[in-house]
Every structure is written in structure tokens, then in C-alpha cells.
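Topology and contacts: notes
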Amino acid sequence: MTIKASCHCKATTFEVSQAPQTVTQCTCSFCSKRGSLWAYYTPSQFKLTSPPENVSVYKWGSKTVKHGFCAICGCGTFTETPDWSTGKPDFDNPKISVNSRLFDDFDLDKVEVVIIDGKNLW
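Criteria and cut-off values
- Residues numbered from 1 in each chain as written.
- Predicted model: local features only at pLDDT ≥ 70, side-chain atom pairs only at ≥ 80, totals over all residues.
- Heavy atoms only, no water.
- UniProt positions renumbered as here; feature names shortened; annotations may be inferred.
- Pairing = 2+ DSSP bridges.
- Helix = DSSP H or I, 4+ residues; strand = E, 2+ residues; numbered from the N terminus.
- Axes fitted to C-alpha atoms, helices over the stretch in contact; angles between N-to-C directions.
- Core = buried A, V, L, I, M, F, W, Y, C linked by side-chain atoms within 4.5 Å.
- Buried < 20%, exposed > 50% of the residue type's maximum accessible area, 1.4 Å probe, protein only.
- Salt bridge = Lys/Arg side-chain N within 4 Å of Asp/Glu carboxyl O.

The chain is annotated in an unreviewed UniProt entry as GFA family protein of Mesorhizobium qingshengii. The Sequence similarities (unreviewed entry) field of the UniProt record for the chain holds the comment "Belongs to the Gfa family."

Structure, rendered in C-alpha cells:
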């Protein structure tokens, strides 16, 4: 089941290969200000369907995570990140975190929200 997503102005679009089982609400300073609900995918499950120049990138802290946002309307779209499941960056297993609030024609209210305490973890 392919799910399409778009920013507010539709200049940045992408799709993922399946619906998320859960989405993550992170309480770190960046995620809480952004208001995203993150769904996680492998690079092969994600496809940017708009021109790459429509995406701007913000890096902070360790500079290892690329936080994408629409260069036109500013909506937070997706991140490119190493796998952090062990507590250390695994660059051999990158992840794409997508802002599931941007999914088109998808009932996000039916997906479980998992809260992680990013405010105190990093």
C-alpha cells in the first residue's frame, strides 16, 4: 500500500511503501517545536517524488541527521538519519523518518502514538 505525502504548498512530495504500525512523538527541543509525528522507513521504502531542489536541509548538534523541509512553504518533511537503536549512530543502516502528518488521504488517528523522551535522552 503506497502512501503519498505532500507539504502545504505541494512543492515537496514523497511516498512510502506501507502504512506505519506506530508513529513517534519525540519531546526533544527540535521535534516538539516542529510538531511532527515520525514514521520510520528504510531508504528503499521511501521515494522523493518532487525535485530534490525543493527540499532544504537543516543540521544541528552532531550534524549527523539531515532534517528536511520544503524550501517553499517551510513544512518539515523528512529526515535522513543513521539508525540510533543501539544508542550510537549506525551509518550502515540509515533510516528515513517521515512527518506522518503530511500523509495524504490517510487516517492518522488510527495509528498508535509512541512518545519518546528526547528532551532528556539527548
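A word on the pairing of strand S7 (residues 66-70)
Of the pairings in the sheet, the one linking strand S6 (residues 55-58) to S7 comprises four bridges and is antiparallel in character. Bridging from a neighbouring strand, Val57 pairs with Gly68 of S7. The hairpin turn running from S7 into strand S8 (residues 76-83), its antiparallel successor, is five residues long, and Gly74 in that turn takes a positive phi close to 85 degrees.

Some words on the sheet that holds strand S5 (residues 46-48)
Strands pair in a sheet through their backbones, by hydrogen bonds, and they do so in one of two ways: parallel or antiparallel. Strands sit in the order S1-S2-S5 across an open sheet of three strands; the sheet is antiparallel. The outermost strands of the open sheet, each flanked by one partner alone, are strand S1 (3-6) and S5. In this sheet, adjacent strand axes meet at a mean angle of 20 degrees when their direction is disregarded. In this structure, strand S2 (residues 13-16) lies alongside S5, joined through three bridges in antiparallel fashion. Looking at the pairing, Val16 lines up with Phe46 of S5.

Notes on the nonpolar core
Ranked by size, the top nonpolar core spans 17 residues in total, and within it Phe14, Val16, Phe46, Phe78, Val98 and Phe103 carry the most contacts. Breaking this core down by element, the ones donating at least two residues are S1, S2, strand S4 (38-41) and strand S9 (90-99). If you look at the next biggest cluster of nonpolar residues, it comprises five residues, including Cys26, Cys28, Phe30 and Trp38.

Regarding the pattern of salt bridges
In this structure the tally under the stated criterion is one salt bridge. The partner of Lys110 in a salt bridge is Asp107, with the nearest N and O atoms 3.9 Å apart. A residue is classified by how much of its surface remains accessible, and Lys110, at 71% relative accessible area, is exposed. A relative accessible area of 39% places Asp107 in the partly exposed class.

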